[in-house]
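Descriptive analysis of the structure
Now for the letters of each chain:
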Amino acid sequence: MEKNKPIIHTLAVGMPKELIDSKGRSMITGIEKQKIQEVYLSAHGFDGDDVADKKHHGGPDRAVCLYPAEHYIQWEQELGKPLPTAAFGENLTVTNMLEADTCIGDIYKIGDAVIQITQGRVPCSTIDKYTESNTLLKRMIETGYTGFLGRVLEEGTICASSNIELVEKHPAQVSVLYCNEVYFKNKDADAMKHIRAVDALAEDWKQKLEKRIQVLQSKVMN
């Protein structure tokens, strides 16, 4: 195997259901995923997989969620406990695909399917509730270790043992980590314009960045 070649650590899917946390709070969420060996990926996402909050999750630009396996070590040390499988609600827990090295628009062939990275994952409070921590969401945003999302360019079957092949690096080379730093700090209009100009960026991010750019520019003018 090639050194530093991305590999699938875990393949997982799950449908929304009610979960009760340790404080007795109920939530309907698709964050709990089960390990599987083989699944079909369509333009809408994996068979047997869905999200509860359609406004903030899912859709063609967010059909696939990936999370780097390397971060689990850090989070488990910080939290002092093991995390569940696919703890961040990701479909693919992957090795050698860190946010710093993965760029918006990069195209990967995974099994028979082809996906394109569209945006960093914007984590929500469900992660803290699901992992029974009160710091993980904050730390993901601070570090930019959010994982990332992709659209499906070619549908197909993915197996837990499938290879991940980089088909094409996007020429802009705007990393997910850079996007996260700009997105969460929300201060640099020029950096936002640079990210927004990447054609492959998710439409939702393009719209959000455009609004923020306008707000920042109006402050400068006033």
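The chain has the name MOSC domain-containing protein in an unreviewed UniProt entry, where Lysinibacillus pinottii is given as its organism.

Right, let's talk about the packing of helix α1 (residues 70-79) against helix α3 (residues 136-143) for a bit. Packing of α1 against α3 leaves a shortest axis separation of 12 Å and a crossing angle of 135°. Our classification of the angle between α1 and α3 gives oblique. Note on packing geometry: the crossing formed by α1 with α3 is right-handed. Residues Gln 74, Trp 75, Glu 78 and Leu 79 of α1 touch α3, and the partners they reach there are Leu 136, Arg 139, Met 140 and Thr 143. Its residues assigned to classes, the contact of α1 with α3 shows 4 nonpolar, 2 polar and 2 charged.

Time to look at the side chain of Arg 121. Relative to the helices and strands, Arg 121 is located in the loop between β10 (113-120) and α2 (126-131). Buried and unpaired, Arg 121 has no salt bridge, with Glu 90 as the nearest side chain of opposite charge at 5.6 Å. Beyond its immediate sequence surroundings of up to four residues, Arg 121 is in contact with Cys 65, Phe 88, Ile 127, Thr 146, Gly 147, Phe 148, Leu 149 and Phe 184.

Tallied over the full model, the rule gives 6 aromatic pairs. An aromatic cluster of at least three residues, connected via ring pairs, comprises Tyr 67, Tyr 72 and Phe 88. Here the basic side chain of Arg 212 rests over the ring of Tyr 183, its NZ or CZ set 4.2 Å away from the ring centre.

Glancing now at the packing of helix α4 (residues 176-185) against helix α5 (residues 189-196). It is the contact of α4 with α5, at a shortest axis distance of 10 Å, that shows an interaxial angle of 135°. Between α4 and α5, the crossing angle belongs to the class labelled oblique. The chirality of how α4 crosses α5 is left-handed. From α4, Tyr 178, Cys 179 and Val 182 reach across to α5, where they touch Ala 191, Met 192, His 194 and Ile 195. In the contact of α4 with α5, the residues fall into 6 nonpolar, 1 polar and no charged.

Following the sequence through the fold, Glu 99 ends up in the loop between β8 (92-95) and β9 (107-110). Judged by its relative accessible area of 1%, Glu 99 falls in the buried class. A sequence separation of 79 residues divides Glu 99 from Tyr 178, and the C-alpha atoms of the two residues are 8.3 Å apart. The contacts of Glu 99, once residues within four sequence positions are left out, are Pro 68, His 71, Gly 144, Tyr 145, Thr 146, Gly 147, Phe 148, Ser 175, Val 176 and Leu 177.

Our focus in this paragraph is the sheet that holds strand β5 (residues 38-42). Taking strand neighbours across the sheet as the criterion, the 3 strands line up as β6-β5-β12 in an open arrangement whose pairing is antiparallel. A strand with exactly one partner marks an edge of an open sheet, and here the two such strands are β6 (45-46) and β12 (156-159). Sheet analysis places β5 next to β6, joined by 2 bridges and oriented antiparallel. Within β6, the position partnered with Leu 41 by the bridge is Phe 46.

Taken together, the buried positions of α1 are His 71, Tyr 72 and Trp 75. Buried positions in α1, seen along its axis, are confined to an arc of 105° and lie on one side of it. Opposite the packed face of α1, turned more than 90 degrees from it, sit the exposed residues Ile 73 and Gln 77.

Attention now goes to the sheet that holds strand β4 (residues 34-35). If you walk across this open sheet you meet the 8 strands as β4-β1-β8-β7-β11-β10-β9-β13, and the pairing is mixed. Of all strands in the sheet, those with a lone pairing partner are β4 and β13 (164-168), marking the two edges. In this structure, β10 lies alongside strand β11 (residues 148-154), joined through 6 bridges in antiparallel fashion. Each residue of the ladder has a partner; that of Gln 119, found in β11, is Leu 149. Along the sheet, α1 contacts β7 (64-68) and β8; its crossing angle with β7, the most-contacted strand, is approximately 65°.

Conventions used here
Residues numbered from 1 in each chain as written. Predicted model: local features only at pLDDT ≥ 70, side-chain atom pairs only at ≥ 80, totals over all residues. Heavy atoms only, no water. Axes fitted to C-alpha atoms, helices over the stretch in contact; angles between N-to-C directions. Helix = DSSP H or I, 4+ residues; strand = E, 2+ residues; numbered from the N terminus. Parallel < 35°, antiparallel > 145°, perpendicular 65-115°, else oblique. Left-handed = near helix turned anticlockwise from the far one by under 90°. Contact = heavy atoms within 4.5 Å. Nonpolar A, V, L, I, M, F, W, Y, C, P; charged D, E, K, R; others polar. Buried < 20%, exposed > 50% of the residue type's maximum accessible area, 1.4 Å probe, protein only. Lys, Arg positive; Asp, Glu negative; His and termini not counted. Salt bridge = Lys/Arg side-chain N within 4 Å of Asp/Glu carboxyl O. Phe/Tyr/Trp six-rings, centres within 6.5 Å; stacked < 30°, edge-to-face > 60°. Lys NZ or Arg CZ within 6 Å of the ring centre and 35° of its normal. Pairing = 2+ DSSP bridges. Arc of directions from axis to C-beta.

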